[in-house]
Amino acid sequence: MTAANTSGRLSTFAAAMVIARRDFTAILFSRSFIFFLLGPLFPVIVAALAGGIGQKVQENTAQPQLGIVMQAADAAAMIKAHDALAGRMGGNLPDFIVVKRLAPGERFDPAEALKGRNANLAAIASGTPAAPVLTGPPGRIEAWAGPVSIVAAQALGRGPQAYPDVRLAGTATSKADQRSDHVKTAQAGQMLLFLLTMLLAGMVLSNLVEEKGNKIIEILAAAIPMDAVFLGKLFAMLAVSLVGIAVWALAGGAASLLAGSAMPDLTQPAVGWPLFFVLGVLYFSMAYLLLGSVYLAIGSMAATVREVQTLSMPATMLQLLVFFLASYAMTQPGSPAELVALIIPFSSPYAMLARAAQDGALWPHAATLAWQVLWVVIFVRIGARLFRTRVMQSGPAGGKPQRRGLMARFRSARA
Amino acid sequence: MAGNAAGSGAPSSGRPLAIEARGIVKRFDGVTAVDGVDLSVPEGAIYGILGPNGAGKTTTLRMLLGIIDPDEGVRRVLGHERPHEVAHAIGYLPEERGLYPAMKAYEAIAFVGALRGLPLAEGRRRGRALLEEHGLGYAAERQIRQLSKGMAQQVQLLGTLVHEPRLVIFDEPFSGLDALNQGKLERMIRTLAAKGTTVIFSTHVIAHAERLCDEVAIIAGGKVPFAGAVDVARDRIRPQVRLETRAQNGPWRQALPDDARREGNFLYFSLPDSGIEPLLRALIEGEAGILSLSIERAGLHDAFVAIAGEAAAKALERDSPEEQGR
């Protein structure tokens, strides 16, 4: 048996698949993947616990009250007027509490009352219903001046004697409401895309660190082009991420169904839910591959795990910036800001997912996906070149990490 | 490259070349690691790259494998200028051994084969067979992390060979092996060569190169002052004559060359250009009373000293395991 009839030259794609298959199965069947899948549940549990505690605290915290310090008849009239209006004014009307019923000619300092033991007393209404005086912190009394005026008018009998019922003639939506609802969907989509990308792209980095630790990288580099190693690693991690997302989506969907509402409070995106999900997966893949290739390139320049973490920080910060840009662009459809967000490869996936929620046209997605694929190829090539130059720079004898600046490393990689 | 070409020997065998490098140069951050190296490795040869640590051996091998590209010069591996195009016909064992710790032994062999284009199923079958053949069949299902260091090294070596390459490149293959395993590896290299496989290995241990190699390249400071047959390297130094005589002095002493020196009862000197016969005649006629006379051919170590210089030889001695063990 000769080598010629059993093994042959691998194409870059076939070589990438050898790497991807190894990485994918190694990660998928590892115990750490179970923890990885369970990972996002911990913040959810913590958030739920924190929310429950917060609600309990809120329940136990009484609402701020307005104290009434007036002569007995005036105080009674104010309370009566408050009760009459409370149902119609809802949350705009604070609770009223009589602090003191004054005898005729009796004087009282409202500021002193506010220093008293009633912690919920936020302001004092004194004087008479005809000339009420509000005493309290400026922000509070400005907010309550209007409601107190209405209550005082009611107490004086100057308010309307009857309140006509308003007939409600609802429409499905207005243009403004529709846009507002689509923005909410776009925001939710962008946020989810960003969180998933940031959570999952870091895996590429840890995988590379493992590879460097195993010292297997030289065997890979000798056998197949570094582009294939790079692509294989990226696609394996992408596949692992998609498995993770599928599991989380199923778990989330099941939980939502059990809770009685599968898609709470989100308006159907302009392209429709099925296409929105498809585009979401595609844009996640693009965002992941772009960020992943940057992380891989960073990993190649770092000599230690600590250096990897330090060097990846600017990329993470940059990712935050592009997310903010895409978020801003979402609120300015058709503006130069949106165009910039669409063109910059790193913000393009976020901006385009938001656009899918707001605009039903499909051709821009085809165009920007092609644009993003082009940048993925460029970044993979640059990253692979950096990787090849940096990882294989010296032999074991000279293998001590060299203490040089990042720019010097980048320059030498370009040379 | 003129400097290096001066010492280069053309392939003595006249066989086609498995590797041909002309003036390859590699610089890292302005430092020249490999400086215009010429190599000609005939097919089926056992070829050693001999030099101290830091001489440029690993960088040279990495350029030949296509892991890194030379900044200058050309290389041709199995007839291809881009080594990755013939990766399926090459096996490589790097100095720093590495395998995935969670992989089973036979899977690790199959994976290295798959990187070289061998179908995974065939690689797994061959992996099991190779482990069996080398007395490691019981460890086929064990994870690499469960193997001893020596066993893991053997698994990696088998992975290097699983796709039956035409050219095998070992970077410091003997480092980290005990004497028993060094012997096994030497036998394996000879077996490969007997089957027609070209074997190239780098080493800083002269004894291995001297025992195994048909040809060597001596590398020091990134340059190759000599590349060619081991015999040619040894012939760079004149044979040494060791003479023991009854008489300490006499007119016969004038027949000895200028470099003759006495150490104890013996006189040592290079064999004169005129050969041994005129010297013998002078010794007999001068009644020196010859007790013993031997002509010793120079070893590869002496050749290395003569070719690469004292400093490189001292570095080589420093790196050798015998020296490190002291």
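Note that this is a predicted model, so its numbers are computed, not measured. (Residues numbered from 1 in each chain as written. Chains lettered and ligands numbered in written order. Predicted model: local features only at pLDDT ≥ 70, side-chain atom pairs only at ≥ 80, totals over all residues.)

K.L.:
Honestly, the overall build of chain A in this entry has me stumped. Any pointers?
P.N.:
Counting its regular elements, chain A contains 15 helices and four strands. The buried share of chain A, reckoned over its 415 residues, is 34%. For chain A, restricting intrachain contacts to residue pairs at least 6 apart in sequence, the fraction spanning at least 24 positions comes to 75%. (Helix = DSSP H or I, 4+ residues; strand = E, 2+ residues; numbered from the N terminus. Buried ≥ 20, exposed ≤ 12 C-beta atoms within 10 Å, placed from the backbone. Contact = placed C-beta atoms within 7 Å.)

K.L.:
Which parts of the structure should I look at to understand the sheet that holds strand E2 (residues 95–102) of chain A?
P.N.:
Hydrogen bonds along the backbone pair up the strands of a sheet, which may run parallel or antiparallel. Residue and element names in this part refer to chain A. Strand order in this open sheet of four strands is E2-E1-E3-E4, and the pairing throughout is mixed. Both edges of this open sheet fall to E2 and strand E4 (132–135), since each of them pairs with a single strand only. Recorded for the sheet is a direction-independent mean angle of 25° between the axes of neighbouring strands. Packed on one face of the sheet, helix H4 (residues 72–89) meets strand E1 (65–71) and E2 and runs near 145° to E1. Along the sheet face, helix H6 (residues 138–155) touches E1, strand E3 (121–127) and E4 and points at about 155° away from the line of E4. (Pairing = 2+ DSSP bridges. Axes fitted to C-alpha atoms, helices over the stretch in contact; angles between N-to-C directions.)

K.L.:
It is not clear to me how the environment of Ser285(A) should be interpreted in this structure. Could you clarify?
P.N.:
Mapped onto the elements, Ser285(A) comes out in helix H10 (residues 273–301). For Ser285(A), a count of 23 C-beta atoms within 10 Å puts it in the buried group.

K.L.:
Just to check I follow, could you spell out the nonpolar core for this structure?
P.N.:
Where a protein is soluble and globular, its nonpolar side chains tend to be buried together. Counting 154 residues, the largest nonpolar core has Leu220(A), Ile109(B), Ile169(B) and Ile218(B) as its most contacted members. A total of 15 residues in this core trace back to one element, the largest contributor, which is H10(A). Formed by 20 residues, the second largest nonpolar core is a distinct cluster that contains Met78(A), Ala123(A), Trp144(A) and Val151(A). (Core = buried A, V, L, I, M, F, W, Y, C linked by C-beta atoms within 7 Å.)

K.L.:
So what exactly am I meant to see when it comes to the pairing of E1(A) here?
P.N.:
Taken residue by residue, a regular strand's side chains alternate between the two faces of the sheet. Residue and element names in this part refer to chain A. With five of its seven residues buried, E1 lies for the most part within the structure. Bridge count between E1 and E2: seven bridges; the pairing is parallel. Paired with Gly-67 across the bridge in E2 is Ile-97. Bridge count for E1 against E3 is four bridges, and the pairing is parallel. Paired with Leu-66 across the bridge in E3 is Ala-123.

K.L.:
Help me understand the sheet that holds strand E2 (residues 31–42) of chain B, please; the structure alone is not making it clear to me.
P.N.:
Residues and elements named next belong to chain B. Here three strands make up an open sheet; going across it, the order is E2-E1-E4 and the pairing antiparallel. Only two strands of the sheet have a single partner each, and these edge strands are E2 and strand E4 (72–77). Ignoring strand direction, the axes of neighbouring strands in this sheet form an average angle of 15°. Relative to E4, strand E1 (residues 17–28) runs antiparallel, the two being bridged by five bridges. Note that in E4 the partner of Ala-21 across the bridge is Arg-75.

This is a description of form; function is not addressed.
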